[in-house]
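Fold and geometry: a report
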Amino acid sequence: GESVGLHLPTLSVQEGDNSIINCAYSNSASDYFIWYKQESGKGPQFIIDIRSNMDKRQGQRVTVLLNKTVKHLSLQIAATQPGDSAVYFCAENIYNQGGKLIFGQGTELSVKP
Amino acid sequence: DAGVIQSPRHEVTEMGQEVTLRCKPISGHNSLFWYRQTMMRGLELLIYFNNNVPIDDSGMPEDRFSAKMPNASFSTLKIQPSEPRDSAVYFCASSFSRAEQYFGPGTRLTVT
């Protein structure tokens, strides 16, 4: 039979617009969260992280928001550029499981020039 | 800093052959992770080491897979015998304690 791959959520935005990528995490014991960017043919690349004692953290053009009440994480990219086109993964770390990360399925961001 | 180094970058082998993937973590990092990525299953953690000791190998698919870390600067992932369903991109990542993981470029494995 024909194999079926993961159907990644896709977000398509116009260059210059802001992008918001959402992620629901699974474990209420998770206390550290990371966003990764993966371009085609490359390994995931660290973008930004946040610990559970914060609800917002800003980087260069990126902001991560954490809502522990509903176990939700979001990544906001300001002034999205064609080079931002990639698959974005959120990952959670559970406080008593060492450095092990649990990755979400990913969201594909497509930026139209 | 050279980042995480993986070799080979591409490997094509026939079913039944032994495959060895290699990883050099970032100097000073004390945790090393092996992942597999496929379209079907996404990014899966296979095994991770802390201070060269395997901590969690629950993601290793079966006995055909084994991983070693003989010292802080080198790790191998071996598949023996390989099967077509092992075709995937295998990533190695390293980190220092509970911090962000840095990924290597991956090894694309094709088993025919």
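Quick summary incoming for the structure in this document. Since the model is a prediction, treat every value here as computed from it, not as a measurement.

1. Observations concerning the overall build of chain B
The helix and strand tally for chain B stands at zero helices and eleven strands. Listing the helices and strands of chain B from first to last along the sequence gives β-β-β-β-β-β-β-β-β-β-β. Its C-alpha atoms give chain B a radius of gyration of 13 Å, near enough to 13 Å, the size a compact globule of 112 residues would have. The dimensions of chain B, computed from C-alpha atoms along their principal axes, are 40 × 25 × 25 Å. Burial analysis of chain B (112 residues in total) assigns 49% to the buried set. Here chain B contributes 11 positive and 12 negative side-chain charges, whose respective centroids are spaced 3 Å apart.

2. Brief notes about the nonpolar core
Trp34, Leu77 and Tyr90 of chain B are the most contacted members of the largest nonpolar core, which totals 21 residues. Those elements that place two or more of their residues in this core are strand E3 (19-24), strand E4 (31-38), strand E5 (42-50), strand E7 (65-71), strand E8 (74-79), strand E9 (88-95) and strand E11 (107-111) of chain B. Not counting the four nearest positions on each side in its chain, Tyr90 of chain B is found in contact with Gln6, Leu21, Tyr35, Arg36, Leu46, Phe65, Leu77, Ile79, Gly106, Thr107 and Leu109 of chain B. Grouped together as the second largest cluster of nonpolar side chains are 19 residues, Phe33, Trp35, Leu109 and Val111 of chain A included.

3. Digging into the sheet that holds E8 of chain B
The strands making up a sheet associate through hydrogen bonds between their backbones, and the pairing can be parallel or antiparallel. All names here are of chain B. If you walk across this open sheet you meet the four strands as E1-E3-E8-E7, and the pairing is antiparallel. The open sheet has two free edges, formed respectively by strand E1 (5-7) and E7, since each of these has just one partner strand. Strand-to-strand twist across the sheet, computed as the mean angle between neighbouring axes with direction ignored, equals 15°. Across five bridges, the pairing between E3 and E8 is antiparallel.

4. Points about the packing of aromatic side chains
Under the criterion given, the structure shown has eleven aromatic pairs over all chains. For the pair Tyr36 of chain A and Phe46 of chain A, a centre-to-centre distance of 6.5 Å together with 80° between the ring planes defines the contact as edge-to-face. Of this pair, Tyr36 of chain A sits in strand E3 (residues 30-38) while Phe46 of chain A sits in strand E4 (residues 45-51), and the two are ten residues apart along the sequence. By relative accessible area, Tyr36 of chain A is classed as buried at 0%. Take Phe46 of chain A: its relative accessible area is 24%, and that puts it in the partly exposed class. Between Phe91 of chain B and Phe103 of chain B the ring centres are 6.2 Å apart and the planes differ by 80°, which places this aromatic pair in the edge-to-face class. Taken together, the positions of Phe91 of chain B in strand E9 and Phe103 of chain B in strand E10 (residues 102-103) put the pair twelve residues apart, joining distant regions of the chain. Owing to a relative accessible area of 2%, Phe91 of chain B belongs among the buried residues under this scheme. Look at Phe103 of chain B and you get buried, because its relative accessible area is 12%. One cation-aromatic arrangement involves Arg51 of chain A over Tyr32 of chain A; the distance from NZ or CZ to the ring centre is 3.9 Å.

5. Some thoughts on the interface of chain A and chain B
The interface of chain A with chain B comprises 26 residues on the first partner and 22 residues on the second. Here chain A meets chain B over a buried area of about 1800 Å², counting both sides, of which 54% is carbon and sulfur. Connecting chain A to chain B are one salt bridge. Where chain A packs against chain B, one counts five residue pairs in polar contact (both at pLDDT 80 or more). Of all the elements in the fold, those that place two or more residues in the side of chain A that touches chain B are E3, E4, strand E8 (86-94) and strand E9 (101-103) of chain A. With five residues, E3 of chain A is the largest single contributor of residues to the side of chain A that touches chain B. In terms of residue class, the side of chain A that touches chain B is made up of twelve nonpolar, nine polar and five charged.

Cut-offs and rules
- Along each chain, residue indices are assigned from 1 in the same order as the chain's sequence is written.
- Both sets of labels track the order of writing: A upward for chains, 1 upward for ligands.
- Where local features are concerned, this predicted model is filtered to residues with pLDDT of at least 70; where side-chain atom pairs are given and counted, the filter is 80 or more; whole-chain, interface and lining totals use all residues.
- Only hydrogens and water are removed before side-chain values are computed, so all heavy atoms of the structure are retained for them.
- Elements are defined by DSSP. Helices are runs of H or I of four residues or more, strands are runs of E of two residues or more, and each kind is numbered from the N terminus.
- C-alpha atoms define the radius of gyration in this analysis, and the globule rule sets the expected value at 2.2 Å times the number of residues to the power 0.38.
- A 1.4 Å probe rolled over the protein chains alone gives each residue an accessible area, and that area as a share of the maximum for its type sets the label: buried under 20%, exposed over 50%, partly exposed in between.
- Positive charges come from Lys and Arg, negative ones from Asp and Glu, while His and the chain ends are left out of the count.
- All charge positions are set by atom: Lys at NZ, Arg at CZ, Asp at CG, Glu at CD.
- Here, nonpolar core refers to any group of buried Ala, Val, Leu, Ile, Met, Phe, Trp, Tyr and Cys residues whose side-chain atoms link them within 4.5 Å.
- Contacts: residue pairs with any heavy atoms within 4.5 Å of one another.
- Here, strands pair whenever DSSP counts at least two bridges between them.
- Note on geometry: axes are C-alpha line fits, over the in-contact stretch for helices, and angles between N-to-C directions span 0 to 180 degrees.
- Here the aromatic set is Phe, Tyr and Trp, taking the six-membered ring for Trp, and pairing holds for ring centres within 6.5 Å; pairs whose planes are under 30 degrees apart are stacked, those over 60 apart are edge-to-face, and all others are tilted.
- When the NZ atom of lysine or the CZ atom of arginine is within 6 Å of a ring's centre and also within 35 degrees of its normal, the charge is said to sit over that ring.
- Here the buried area means the combined drop in accessible surface, using a 1.4 Å probe, for two parts upon being joined, counting both sides.
- One side-chain nitrogen of Lys or Arg within 4 Å of one carboxyl oxygen of Asp or Glu is enough to make a salt bridge.
- Polar contacts, as counted here, are pairs of nitrogen or oxygen atoms within 3.5 Å of one another; within protein the pair requires one atom able to donate a hydrogen and one able to accept it, and residues that are adjacent in sequence qualify only if both atoms are side-chain atoms.
- Each residue receives one of three labels: charged for Asp, Glu, Lys and Arg, nonpolar for Ala, Val, Leu, Ile, Met, Phe, Trp, Tyr, Cys and Pro, and polar for the others, Gly being one of them.

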